[in-house]
Amino acid sequence: MGAQDRIGNNTRTAITARLAEFIVNTRYGDIPDEVLRLAKHSFLDTLGVALGGVPERAPQLLAGYVKEQGGTPSATVLAQGFRTNAPNAALVNGTAADILGWSDISVIQMTHPSVSICPVVWALGEQTKASGKTALLAHVIGVEVANKIGAGIRPAFQLKGWHPLAVLNTFGAAAAAGKLLDLDTGKIGNALGIAGAEASGIRAAMGTMSKAYGAGRSARDGIVSAQLAGMGYTGPANVIEARDGFLQTFGDGASGEGILEHLGRPFEFSAPGITLKKFPACTRSHNGIQAVLNLRAKHSLSPDAVESIECLVTPAVVDYLKFPNPQSKFESKYSMEFCVATALRDGKVVNASFSDAKLADPELTSIMQRVKMSVWPEYAKHGYNPPHAPYGCLVKIKLKSGQAISEQVDKGPWEPETPPSWEDLVDKYRSSSELVLSKAQSDRSIELVHNLEKLADLGELMALVAGNP
């Protein structure tokens, strides 16, 4: 696999250098058409959930904060009527993109890539007057680097308490930024090294505003890493494989197998694929939500008819859905009990399902008390997140009549095998974007993304989603 570094008694491939070569040498024409199509879907989806997140308090607070910091107005802060420098725009926009918990996810690598990579593309793409083709290329490369690095350390990395998107996306963001800035391999290596000095994030932040801050912060830091490297700032050019480097500190000395073996062969958008989220809650709740919705439709269920609900899940689901009695709307997005109760009562789980007021709803509380979640040994024998059912859920409902019904959902509704159509994503986009944009602005932005490869300057799209001053 090329040049090697010796660490103690181990010999490791020079992973960082190979990543840098991949980032620099990959061209738009190297990307398969299907990958570009899927990346465009993800691009629209991420832009929509970011616009929908703008009214939330976290991005509003950050917008006020970055205004106080000043900076050259070179990049748009979504739907807030002002521009700032690229790192700060990415900070706010990345946080807005993640605050609703509705962004795309790599189920296998257990991380949300586009939520940080797209804000880098929007900010630096606008600043550098990048074409739509260049923007798509940077998006694909950023996702590829973030996810392939994650492939080298999962699942021990997550089990230790690191927040995958906050850590991995710092590297992916640096890769995307470096591509947009047209850095050479040496400077890309330094950018990845600087990103390693920045990468951080712990899962304790989940259920608070700081979870979304991890998405924005990694976007910001990726841009800063690439900008500094472009100026000549140095970092460890072997940051992934070095002694006391990424694999040692984040992966407890993991070999990194899986990072280079399939780098761009195939691209992550193709396999294992990126999952788009139908429901605005943690992906690990989606199979339970879908199972309850299926049972509700099949049996015309009403909450009053239900005596108990048992959710038998994989270890990965129990590990993340840790709020059986959520105390805030953020915690409710990580609560199987809340999500399943909402699905049963309302027949849907949408943005409006999550609010602090809903937590005081006595009817919803009553249903939640009848929901129990535990690991199903049949899933657990296949591992932490078994490939055939990473976030699988078997829902067993006992009715007051004595009847027992059940539904097993191994894969979520919008997995790579059963993806949403463009029309599905347009509907989702409108539901979010029209909270802050006019219908005309929303319509035109959809058209521009649909033909993104023909766009001469990404600034035209960013001007549409800027909002009013």
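Model, not experiment: these values are computed from the prediction.

How each quantity is defined
Numbers given to residues run from 1 along each chain, matching the order in which its sequence is written. Local features in this predicted model are restricted to residues whose pLDDT is 70 or higher, and side-chain atom pairs enter the listing and the counts only when it is 80 or higher, whereas totals over whole chains, interfaces and linings include all residues. Just so you know, side-chain values use all the structure's heavy atoms and leave hydrogens and water out. Runs of H or I in DSSP of at least four residues are treated as helices and runs of E of at least two as strands, each being numbered from the N terminus. Two residues qualify as a contact provided that any one of their heavy atoms is within 4.5 Å of a heavy atom in the partner residue. Throughout, a disulfide means two cysteine sulfur atoms within 2.5 Å of one another. Buried, partly exposed and exposed residues are distinguished by accessible area as a fraction of the type maximum, computed with a 1.4 Å probe on protein chains only: under 20%, between the cut-offs, and over 50%, respectively. Only strands that DSSP links by at least two bridges are regarded as paired with each other. Salt bridge, as applied in this entry: a Lys or Arg side-chain nitrogen positioned within 4 Å of an Asp or Glu carboxyl oxygen.

1. Description of the side chain of Q109
Working step 1: Within the fold, Q109 resides in the loop between α4 (86-98) and α5 (114-127).
Working step 2: Setting aside anything within four residues of it in sequence, one finds Q109 in contact with N147, G150, A151, R154, Q158, E268 and P272.

2. As for the state of the cysteines
Working step 1: Applying the stated criterion to the full structure yields zero disulfides.
Working step 2: Looking at C311, it has no disulfide partner, and the nearest cysteine sulfur is the one in C393, 4.4 Å off.

3. Thoughts on the pairing of strand β7 (residues 393-399)
Working step 1: Summarising burial for β7: five of the seven residues are buried, a large majority.
Working step 2: In this structure, strand β5 (residues 306-313) lies alongside β7, joined through seven bridges in antiparallel fashion. The partner of I309 across the bridge, within β7, is I397.
Working step 3: Pairing between β7 and strand β8 (residues 404-409): six bridges, direction antiparallel. Bridge assignment links K398 to a residue of β8, and that residue is A404.
Working step 4: Where β7 hands over to β8, the hairpin turn is made up of four residues, of which G402 adopts a positive phi near 100°.

4. Considering the pattern of salt bridges
Working step 1: Scanning the model with the defined rule gives 24 salt bridges in all.
Working step 2: Ionic pairing is found between D45 and K428, a salt bridge with its closest N-O pair at 2.9 Å. With D45 in helix α2 (residues 33-53) and K428 in helix α19 (residues 422-433), the pair connects residues that are 383 residues apart, well separated along the chain. Taken individually, D45 and K428 each receive the classification buried, so the pair is uniform in this respect.
Working step 3: E434 is paired through a salt bridge with R430; the nearest N and O atoms lie 3.7 Å apart.

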